[in-house]
Amino acid sequence: RFAGRLAGLYPTDPVKALAVDEVLGVSEDLAAAMLAPRAMEPAFKQVSASVAAKQKAALLSSINEDALPRYFGVLEKLLEANGTGWFVGAAPTVADVAVATVVRIFTTGFAEQWGYSPEVPKGYPRVMAMSEALERLPPVKKWIE
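Residues numbered from 1 in each chain as written. Predicted model: local features only at pLDDT ≥ 70, side-chain atom pairs only at ≥ 80, totals over all residues. Heavy atoms only, no water.

## Some remarks on the overall build of the chain
Helix and strand counts for the chain come out as 8 helices and 0 strands. Along the chain, helices and strands appear, N-terminal first, in the series α-α-α-α-α-α-α-α. Along the first, second and third principal axes, the C-alpha atoms of the chain reach 55 × 30 × 25 Å. Relative to all contacts within the chain whose residues are 6 or more apart in sequence, the contacts with residues 24 or more apart total 69%. Only carbon and sulfur atoms are counted for the fraction: they give 60% of the accessible area of the chain, which is about 8300 Å². (Helix = DSSP H or I, 4+ residues; strand = E, 2+ residues; numbered from the N terminus. Contact = heavy atoms within 4.5 Å. Areas by Shrake-Rupley, 256 points an atom, 1.4 Å probe, with all protein chains shown as cover.)

In structure tokens:
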């Protein structure tokens, strides 16, 4: 939020700032769900390898089938409600950057290394379009390259 303010990507209007915070919260919840298996590693080490593998597989399945679609679904609805292609207002904010960062984890193949389906965000066309639009912005494009 601090960096967003400095970069002009965090609204000064309190209602718009609240909307940005809502998206940031969903993005943080999405990231936390994705990190759950890593956080559980110490617990997995306390049981046999076969039990740990079953528990980890069940956790990943739950995240892929429940948590990821739930959070991406919320984000899709928020983009639809705003109607501009961005989460808040008519220009990108730190909320768009946060979500696009999570999407990029999927589109670059990194999420697949953790056991997540790279197909999940593709089911949310507004989220994908926003992320792609953000990546086409010259400063972002330059940073990615």
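## Some words on the nonpolar core
With 38 residues, the main nonpolar core has Leu-68, Phe-72, Leu-75 and Phe-87 as its most contacted residues. When contributions to this core are tallied by element, the ones reaching two or more residues are α2 (14-39), α4 (49-82), α5 (94-107) and α7 (125-136). Considering each element in turn, this core owes the most residues, 9 residues, to α4. In this structure, Phe-87 is in contact with Val-23, Leu-75, Leu-78, Leu-79, Asn-82, Ala-95, Asp-96, Val-99 and Met-130, ignoring residues within four places of it in sequence. (Core = buried A, V, L, I, M, F, W, Y, C linked by side-chain atoms within 4.5 Å. Buried < 20%, exposed > 50% of the residue type's maximum accessible area, 1.4 Å probe, protein only.)

## Describing the pattern of salt bridges
Should their charged atoms come close, side chains of opposite charge can pair. One pass over the structure, following the stated rule, counts 5 salt bridges. Its salt-bridge partner being Arg-70, residue Asp-66 comes within 2.9 Å of it at the nearest N-O pair. Of this pair, Asp-66 and Arg-70 both sit in helix α4, separated by 4 residues, roughly a single helical turn. The exposure class assigned to Asp-66 is partly exposed, which follows from its relative accessible area of 41%. Ionic pairing is found between Arg-126 and Glu-80, a salt bridge with its closest N-O pair at 3.9 Å. (Salt bridge = Lys/Arg side-chain N within 4 Å of Asp/Glu carboxyl O.)

## A look at the packing of α4 against α5
Viewed as axis vectors pointing N to C, α4 and α5 meet at an angle of 140°, and their least axial separation amounts to 12 Å. As far as their axial angle goes, α5 and α4 are oblique. Once α4 is placed against α5, the crossing between them reads as left-handed. Residue-level inspection shows Leu-68, Phe-72 and Leu-75 of α4 in contact with α5, the latter providing Val-99, Val-102, Val-103 and Phe-106. A class-by-class count of the residues in the contact of α4 with α5 yields 7 nonpolar, no polar and no charged. (Axes fitted to C-alpha atoms, helices over the stretch in contact; angles between N-to-C directions. Parallel < 35°, antiparallel > 145°, perpendicular 65-115°, else oblique. Left-handed = near helix turned anticlockwise from the far one by under 90°. Nonpolar A, V, L, I, M, F, W, Y, C, P; charged D, E, K, R; others polar.)

## A closer look at the environment of Lys-54
Looking at the secondary structure, you find Lys-54 in helix α4. Sequence separation between Lys-54 and Glu-80 is 26 residues, and the spatial gap between their C-alpha atoms is 38 Å.

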